[in-house]
There are 2 protein chains.
Amino acid sequence: MKRIALGAACALLTAPPLAAQDEAPALSPADIVNAAPQSEWVVIAPEDMLVMTLAPGADGTERTVVIQLMPPPFSQGWVANIKRLAQTGWFDGTSINRVQDNYVVQWGDPGHDNPEGEGLEKKPLPSGLRTISEAEYTVSGEAFERLFARTGPTGAAGIQAVFDDDPYAGAAGYADGWPIGIEEDAVWPVHCYGMVGVGRNFSPDTGTGAELYTVIGHAPRHLDRNIALVGRIIGGMEHLSSLPRGSGALGFYAQDEADMRTPILSLRLASELPEEERPLYEYLATGTQTFARYVEARVNRRDLFFIAPAGGADICNVPVPVRPFVYDEPGNQ
Amino acid sequence: MKRIALGAACALLTAPPLAAQDEAPALSPADIVNAAPQSEWVVIAPEDMLVMTLAPGADGTERTVVIQLMPPPFSQGWVANIKRLAQTGWFDGTSINRVQDNYVVQWGDPGHDNPEGEGLEKKPLPSGLRTISEAEYTVSGEAFERLFARTGPTGAAGIQAVFDDDPYAGAAGYADGWPIGIEEDAVWPVHCYGMVGVGRNFSPDTGTGAELYTVIGHAPRHLDRNIALVGRIIGGMEHLSSLPRGSGALGFYAQDEADMRTPILSLRLASELPEEERPLYEYLATGTQTFARYVEARVNRRDLFFIAPAGGADICNVPVPVRPFVYDEPGNQ
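Everything numeric here is computed off the predicted structure, so don't read it as measured data. (Residues numbered from 1 in each chain as written. Chains lettered and ligands numbered in written order. Predicted model: local features only at pLDDT ≥ 70, side-chain atom pairs only at ≥ 80, totals over all residues. Heavy atoms only, no water.)

Visitor: Could you give an account of the overall build of chain A, with specific residues and numbers?
Guide: Per the secondary structure count, chain A includes six helices and 16 strands. Counting the 333 residues in chain A, one finds 55% classified as buried. Accessible surface for chain A amounts to roughly 13800 Å². Of this, 52% is attributable to carbon and sulfur atoms. (Helix = DSSP H or I, 4+ residues; strand = E, 2+ residues; numbered from the N terminus. Buried < 20%, exposed > 50% of the residue type's maximum accessible area, 1.4 Å probe, protein only. Areas by Shrake-Rupley, 256 points an atom, 1.4 Å probe, with all protein chains shown as cover.)

Below you can see the structure in the form of structure tokens.
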């Protein structure tokens, strides 16, 4: 596979620190992102978002979590299963069953693959779920090139190798707004904070999508290529990351902690919600000049607080900016 | 500075995966650590631990946090200040003021350097606190060699460069049980999950130690060499990481969230507590054979769950094992 390198970002990464030449403090990464023109942001389609409504908090706080699903060609078998589970309302009435500090929050049927679930019945799955092969943890270069040839000029940025010193892959970078690992013959999504994956049992099981987790600590990159990643939390992450930790095996809530499982009231595709209830989010396109400047500023922090820019970074310390999209009525300028 | 490389670990890192030769599933990193002989564990001295008692949780749960302070030659100016603050009871009655998702929990005087602290008085600091130079964010090779020459044969492992592909430093590794960054002329502690640092204002301020934070997300390694690290959370981390996030600037609790600040009832050096109240913890010495095997197993996961070992890792994904020390009465074997 050819690596479609991001020329601009790579050049910037090796450029001398600008602060040596400038007197004014440099822009922070957030300043750079906030100055991006609207044309560099991509609004996320409602077909690519899940809305998970948790039971309200003890103080009555509403708790809504929004998940962006991965686009083709990544993990599409599991994504299709998850859409089917959402469309059949299968997750409604399940719960958050595992909160392991510095690792993951996991949700689904508490009676399924739960080391603390003794005595619980397993909730039957709907028909129509596919069994996915381990081969689909990664995407071949050809698959990506086929997709890229089809979508090429419409704005897809393709594969950008940015971090040549990634310890877990030949390189790490971005593909159309997602963090990826890159080898000669394959690419795959990587386990950064907030990424959503598919719980599974021992190989060759790959999970159906009925057990999902998100990362709430340091990136467990050793899971890359070992578990399917299907998306990322883009709203309400704090409702998951701040949940009380479970004291059972693997951070599952122990049998005497059953009342600590947070109920999931519903999990729906945003496109199946009434239009006024759909969340609106957008992400900064990773093929843009602003994104290249943002990467460079994260690698060499020169804003006011910093005295020693690192000169390097890791893929999970340079997250793709995602924010609520606020629709500006024409004439409201 | 000479790099005192960990020969055993480096050899193991390049050895072929053992699973190709063996039929039985490999030991997990946890299995390896659990099998370590007691002689490879180092009990932490009570002079090197802080005990922070938070107000009980809403359900009455006791919340005790234990912090291990960094040993010489790292950050000793700030460590001395923090010991003085603990000895004078200065932290008692302060609070946790900032909880920023995927970043830090920060505690101290809510009236000090708090963007949401308008109208609050600043709590006076005790006398005897030193102002520390930015030069002390790192330690020169000579300083480490001096210390090592003094303590050498008594069990200190010195500097072990393990990860040559660290993006933030020439290499990353361990020094006597702590994760560090390594360059030709200096070493420094690094910002992994659970590490404790000293909040500061803009340079040349370096902080006194009266504002402390810990990392609750992906390692913000860009802070290395920009802020002093003084220790790590070794007990009760979940009482910090699961706190509700603040909605004010930088994740501070906003002015209308003042009641969300968790009160700190006391913060004491363990050595100043009655002997029966002192926590007991131990860490796996990083110069041991077990630690080398543990690193290798984290780099190449071959235990039952894994199908694709990464062949690499980053320093913050290979934490030094720390556990409660349980004293075995002689004769209880």
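So, next bit.
Visitor: Give a detailed account of the nonpolar core, specifying residues and quantitative values.
Guide: If you look at the biggest cluster of nonpolar residues, it comprises 55 residues, and the most contacted ones within it are Phe74(B), Phe163(B), Tyr174(B), Val187(B) and Val295(B). Excluding residues within four positions of it along the chain, Phe163(B) makes contact with Ala171(B), Ala172(B), Tyr174(B), Val295(B), Val299(B), Ala313(B), Asp314(B), Ile315(B) and Val318(B). The next biggest cluster of nonpolar side chains, apart from the first, holds 54 residues, and it includes Ala36(A), Phe144(A), Ile315(A) and Val318(A). (Core = buried A, V, L, I, M, F, W, Y, C linked by side-chain atoms within 4.5 Å. Contact = heavy atoms within 4.5 Å.)

Visitor: Hey, could you go over the sheet that holds strand 3 (residues 63-69) of chain A for me, with residue numbers and the actual values?
Guide: All names here are of chain A. Taken in spatial order, the eight strands line up as 2-3-13-11-12-5-4-14 and close into a barrel, and their pairing is antiparallel. Strand-to-strand twist of the sheet, defined as the mean angle between neighbouring strand axes without regard to direction, takes the value 35°. Here strand 4 (residues 95-99) pairs with strand 14 (residues 262-269) via two bridges, running antiparallel. Note that in strand 14 the partner of serine 95 across the bridge is proline 263. (Pairing = 2+ DSSP bridges. Axes fitted to C-alpha atoms, helices over the stretch in contact; angles between N-to-C directions.)

Visitor: Report on the pairing of strand 5 (residues 104-108) of chain B, specifying residues and quantitative values.
Guide: All names here are of chain B. Of all five residues making up strand 5, five are buried, and the element is well covered by its neighbours. Side chains of strand 5 alternate between two faces, with Val104, Gln106 and Gly108 and Val105 and Trp107 buried alike. Bridge count for strand 4 (residues 95-99) against strand 5 is four bridges, and the pairing is antiparallel. Looking at the pairing, valine 99 lines up with valine 105 of strand 5. The turn linking strand 4 back onto strand 5 is made up of four residues, and asparagine 102 within it adopts a positive phi angle of 55°. Taken together, the four bridges between strand 5 and strand 12 (residues 212-215) define a ladder with antiparallel strand orientation. Directly across from tryptophan 107, in strand 12, lies its bridge partner leucine 212.

Visitor: Provide a residue-level description of the interface of chain A and chain B, including the pertinent values.
Guide: In this assembly, 45 residues from chain A lie in contact with 45 residues from chain B. Interface area, chain A with chain B, both sides summed: about 3700 Å², of which 58% is carbon and sulfur. At the boundary of chain A with chain B, the tally comes to zero salt bridges. On the surface where chain A and chain B come into contact, there are 21 residue pairs in polar contact (both at pLDDT 80 or more). For the side of chain A that touches chain B, the leading source of residues is helix 5 (residues 237-241) of chain A, giving three residues. Tallied by class, the residues present in the side of chain A that touches chain B amount to 21 nonpolar, 12 polar and 12 charged. (Buried area = accessible area lost by both parts, 1.4 Å probe. Salt bridge = Lys/Arg side-chain N within 4 Å of Asp/Glu carboxyl O. Polar contact = N/O pair within 3.5 Å; in protein donor to acceptor, adjacent residues only side chain to side chain. Nonpolar A, V, L, I, M, F, W, Y, C, P; charged D, E, K, R; others polar.)

Visitor: Account for the state of the cysteines, with residues named and values stated.
Guide: All names here are of chain A. Summed over all chains, the structure comprises two disulfides over all chains. Between cysteine 192 and cysteine 316 runs a disulfide, and the two sulfur atoms are separated by 2.1 Å. As the torsion about the S-S bond is roughly -75°, the cysteine 192-cysteine 316 disulfide counts as left-handed. Taken together, the residues cysteine 192 in the loop between strand 10 (186-189) and strand 11 (195-198) and cysteine 316 in the loop between helix 6 (289-299) and strand 16 (322-324) connect sequence positions 124 residues apart. Residues cysteine 192 and cysteine 316 agree in their burial class; the two are buried. (Disulfide = S-S within 2.5 Å.)

Visitor: Please set out the relation of the copies chain A and chain B residue by residue, giving values where relevant.
Guide: Once chain A is rotated about the relating axis by 180° and shifted along it by 0.0 Å, it coincides with chain B to within an RMSD of 0.0 Å. Expressed as an axis order, the relation between the two copies is that of a two-fold axis. A shared binding surface is used by both copies, with 100% of the interface residues of chain A retained as interface residues in chain B. (Least-squares fit on C-alpha atoms with pLDDT ≥ 70 in both.)

Visitor: Kindly report on the environment of Leu54(A), identifying the contributing residues and their values.
Guide: Residue and element names in this part refer to chain A. Positionally, leucine 54 belongs in strand 2 (residues 49-54). Among the residues examined, leucine 54 registers a relative accessible area of 2% and is labelled buried. C-alpha of leucine 54 to C-alpha of leucine 267: the two residues are 213 residues apart in sequence and 8.8 Å apart in space.

Visitor: Give a detailed account of unusual backbone geometry, specifying residues and quantitative values.
Guide: Put simply, Ser203(A) and Pro204(A) share a cis peptide bond, and its omega is 10°. Looking at the element boundaries, Pro204(A) is found in the loop between strand 11 and strand 12 (212-215). For the bond running from Pro72(B) to Pro73(B), omega is 5°, close enough to zero to count as cis. Along the chain, Pro73(B) falls in the loop between strand 3 (63-69) and helix 3 (76-87). Notably, Ser75(A) is not glycine yet its phi reads approximately 55°, a positive angle.

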